[in-house]
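Close look at the chain arrangement
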Amino acid sequence: MEKIRNYINGELVEPISKAYIDNVDPSRGKVYSLIPDSDERDVELAVAAAKAAFKEWSNTPKEKRARILQRISFLIEENLDKLALIESVDNGKPLHLAKTVDIPRAAANFNFYATGILHYSAHAHSMEDTAINYTLRQPVGVAGCISPWNLPLYLFTWKIAPALASGCTVVAKPSEVTPMTAYLLSEICITAGLPKGVLNIVHGLGPKVGNAIVSSKDVPLISFTGGTKTGAHIASVAAPMFKKLSLELGGKNPNIIFADCDYEKMLSTTMHSSFSNQGQICLCGSRIFVERSIYEKFKTDFVERAKKLTVGPPTNADTKVGAVVSKSHMEKILSYVELAQQEGGKVLCGGKRKIVEGEFKDGFYIEPTIIEGLAYDCRTNQEEIFGPVVTIMPFDKEEEVLMMANSTMYGLASTVWTQDITKATRVANEIHAGIVWINCWLLRDLRTPFGGVKSSGVGREGGFEAFDFFTEPKNVCIKIK
Ligand code: NAD
């Protein structure tokens, strides 16, 4: 069975404990690789390596840093098929999705930030004939990057690439649930000639490895993507140490559908925004509000299409919905379907584990699930489920739907469907969310700031905002008279 290793100081090494954790293929429910059960000793080595590498890397000309990062991007592209297959097995997501979204986007992250840093500039301010002020943007130091399992390489590289481009060195921890593509990334970095110690990847559990990164006095910045509860814990450790923090957390995103929308476009996009990646994208629209005049039609069409989605092994070409990431996550999702029924909800389709025949019979499959009849403020409609489960609710008035949409503690993303641009803009202004999609979903220009409000997070990643985060401004004032 394959045993992966940590990537510390340019080398692939065993954890000091020599202990390993089982890594399960969710499509089969079987252990298929072993990952280091690292602890604070491994993190210490990684931090020391990153600290030692910082001076040289931060003084490496941007052009040279950019070339190395672009090499990494090319190597990801060159290995697209291999990476996509591994990501699909590791995560349970349809291979097609890994091939068209996750891995290309990981390559794009490196390319975008490699080229972006070349155009990132600082400011100068003249105080007429008295003084000149200029602002240096200097890399913060060793960045701690911690990522989740839902878009493993995509989100891992979304942090690492801007950190490295900015001149920071990095200690990173991928999710222990989906570590395999991060391991391949370490091999790619070695091939690409990334200097030793610039990126260090430590595998293992959150409370051990993640916590050691967050509490290290030599890591002044934490970029975290994951659950809101974990984010709160991280903030409680990092804030008293005055660390720079970016927290990208959970969501319970509203999808608001007005009767005057382009119905066909809305319906096909809503299929994606509800069930892509088994509903395990933080940006999925899990609460669907539909204007009453088209509610019954929408319900019939939506349920009919959801029933036709093929649930099955991620590597099958016709699979639209693969396996959810783990047994415990499957149980959590199904417990929410139970709860929804206790809260008075009616399951219109799905709601059960699906048993796929043959070698995949122990895999963690859940049928796409649509629930109606719930109050907007019940737990099912307030808590993040993060699976192929959505609720549908009718509404009559704009103010009413805005009140329901804004009623959760989350504020990550939202979608509005209407052909009336004035109404769309008005609603977009009133929604409490970091992202509003009008007549589309998951479209993004990488230059735009990304992140949520309320319990969906603090700070913004993406675009040049990421460079602002991974660097610190230093103002220099020169008296000229
Ligand atoms: P999680 O919070 O359980 O884990 C995320 C990462 O944090 C993992 O690497 C984990 O090992 C680590 N971790 C756990 N405990 C830790 C601790 N005490 N200290 C430091 N690190 C620790 O989240 P998850 O289950 O992996 O991911 C799903 C969640 O991520 C969902 O809530 C989803 O909405 C959210 N998410 C948010 C975004 C976004 O951009 N806002 C994107 C993707 C996923």
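The following refers to the structure shown. (Residues numbered from 1 in each chain as written. Predicted model: local features only at pLDDT ≥ 70, side-chain atom pairs only at ≥ 80, totals over all residues. Heavy atoms only, no water.)

Here we look at the overall build of the protein
Scanning the protein for helices and strands turns up 15 helices and 23 strands. In terms of C-alpha radius of gyration, the protein reaches 23 Å, essentially the compact-globule figure of 23 Å for 481 residues. In terms of principal-axis extent, the alpha carbons of the protein reach across some 70 × 65 × 40 Å. Within the protein, the fraction of its 481 residues that count as buried is 58%. Of the roughly 19,400 Å² of accessible surface on the protein, a fraction of 55% belongs to carbon and sulfur atoms. Seen as two clouds, the 54 positive and the 54 negative side-chain charges of the protein have centres 3 Å apart. (Helix = DSSP H or I, 4+ residues; strand = E, 2+ residues; numbered from the N terminus. Rg over C-alpha atoms; globule rule 2.2 N^0.38 Å. Buried < 20%, exposed > 50% of the residue type's maximum accessible area, 1.4 Å probe, protein only. Areas by Shrake-Rupley, 256 points an atom, 1.4 Å probe, with all protein chains shown as cover. Lys, Arg positive; Asp, Glu negative; His and termini not counted. Charge placed at Lys NZ, Arg CZ, Asp CG, Glu CD.)

Let's talk about the side chain of Glu398
Along the chain, Glu398 falls in helix α13 (residues 398–405). Setting aside residues no more than four positions away along its own chain, Glu398 makes contact with Phe258, Lys423, Arg426 and Val427. (Contact = heavy atoms within 4.5 Å.)

So, helix α3 (residues 80–91)
Relative to the 16 Å expected for 12 residues at 1.5 Å per residue, α3 spans 16 Å between its end C-alpha atoms, a close match to the ideal helical length. Three or more residues of α3 are buried, namely Leu83, Ala84, Glu87, Ser88, Val89, Asp90 and Asn91. Taken together, the buried residues of α3 touch β4 (20–25), β5 (30–36), α2 (62–78), α4 (95–116), α5 (152–166) and α6 (180–192). After α3 finishes, the residue Gly92 shows a positive phi value of roughly 90°. (Expected span 1.5 Å × (residues − 1).)

Examining empty space enclosed by the protein
Enumeration over the complete set of coordinates arrives at 3 cavities of 30 Å³ or more. Along the walls of the largest cavity sit 15 residues, with Gly279, Ile281, Cys284, Ser286 and Phe386 positioned nearest its centre. Among the residues forming the lining of the largest cavity, the class breakdown is 7 nonpolar, 6 polar and 2 charged. (1 Å grid on protein atoms, 1.4 Å probe; cavity = no way out; pocket = protein on both sides within 12 Å on 5 of 7 lines; lining within 4 Å. Points joined across faces, edges and corners; volume = space filled by probe spheres on them. Nonpolar A, V, L, I, M, F, W, Y, C, P; charged D, E, K, R; others polar.)

Some points on the site of the ligand
The environment of the ligand is formed by 29 residues, the closest being Ser147, Glu176, Thr230, Leu249 and Glu384. Within the backbone of Gly226, a nitrogen or oxygen atom sits 3.3 Å from an oxygen atom of the ligand. With respect to the ligand, the side chain of Thr230 contributes an N or O atom lying 2.6 Å from an oxygen atom. For the ligand, whose free accessible area comes to 850 Å², the fraction covered by protein is 88%. Counting residues per element, the ones that place at least two in the shell around the ligand are α7 (206–215), β11 (221–225) and α8 (228–238). Along the lines of polarity and charge, the residues of the shell around the ligand split into 12 nonpolar, 13 polar and 4 charged. Mapping the shell around the ligand onto the domain boundaries places at least three of its residues in each of domain 1 (2–249 + 456–477) and domain 2 (253–445). (Near = heavy atom within 4 Å. Polar contact = N/O pair within 3.5 Å; in protein donor to acceptor, adjacent residues only side chain to side chain. Domains from an automatic or database assignment.)

Quick word on the nonpolar core
Core analysis: the biggest nonpolar cluster contains 75 residues, and Ile76, Leu164, Leu185, Leu199 and Leu283 have the highest contact counts within it. Counting residues in each nonpolar core, the second largest holds 28 residues, with Phe275, Phe302, Ile370 and Ile392 among its members. (Core = buried A, V, L, I, M, F, W, Y, C linked by side-chain atoms within 4.5 Å.)

Some points on the side chain of Asp39
With respect to the helices, strands and loops of the structure, Asp39 is situated in the loop between β5 and α1 (40–59). Its relative accessible area of 10% is what places Asp39 among the buried residues. Ignoring sequence-local partners within four residues, the contact set of Asp39 consists of Ser17, Lys208 and Val209.

Some details on α7
An α-helix turns once per 3.6 residues; consequently, residues spaced three or four apart project the same way. Where α7 is concerned, the buried positions are Val209, Gly210, Ala212, Ile213 and Val214. Residues of α7 that are buried in the fold lie against α1, β8 (142–146), β9 (169–173), β11 and α8.

Points about a nonpolar patch on the surface
On the surface, a cluster of nonpolar side chains totalling about 380 Å² of accessible area is made up of Ile132, Tyr134, Leu136, Ile478 and Ile480. At 3 residues, the largest contribution of residues to the nonpolar patch is made by strand β7 (residues 131–139). Residue placement: Tyr134 occurs in strand β7. You can call Tyr134 partly exposed: its relative accessible area is 32%. (Patch = residues over 30% accessible without salt bridge, like charges linked within 9 Å, V, L, I, M, F, W, Y side chains within 5 Å. Salt bridge = Lys/Arg side-chain N within 4 Å of Asp/Glu carboxyl O.)

Some remarks on the environment of Arg105
Tracing the backbone shows Arg105 in helix α4. Taking the relative accessible area as the measure of exposure, Arg105 reaches 13% and is therefore buried. Once residues within four sequence positions are removed from consideration, Arg105 is found in contact with Tyr154, Trp158, Arg444 and Leu446.

A look at the pairing of β7
The side chains of a regular strand alternate, first on one face of the sheet and then on the other. Examined bridge by bridge, strand β6 (residues 124–127) and β7 share 4 bridges and lie antiparallel to one another. Directly across from Ala124, in β7, lies its bridge partner Tyr134. The loop that links β6 with its antiparallel partner β7 comprises 3 residues; one of these, Glu128, has a positive phi angle of about 45°. Relative to strand β23 (residues 471–479), β7 runs antiparallel, the two sharing 9 bridges. When the bridges of β23 are listed, Ile132 appears paired with Ile478. (Pairing = 2+ DSSP bridges.)

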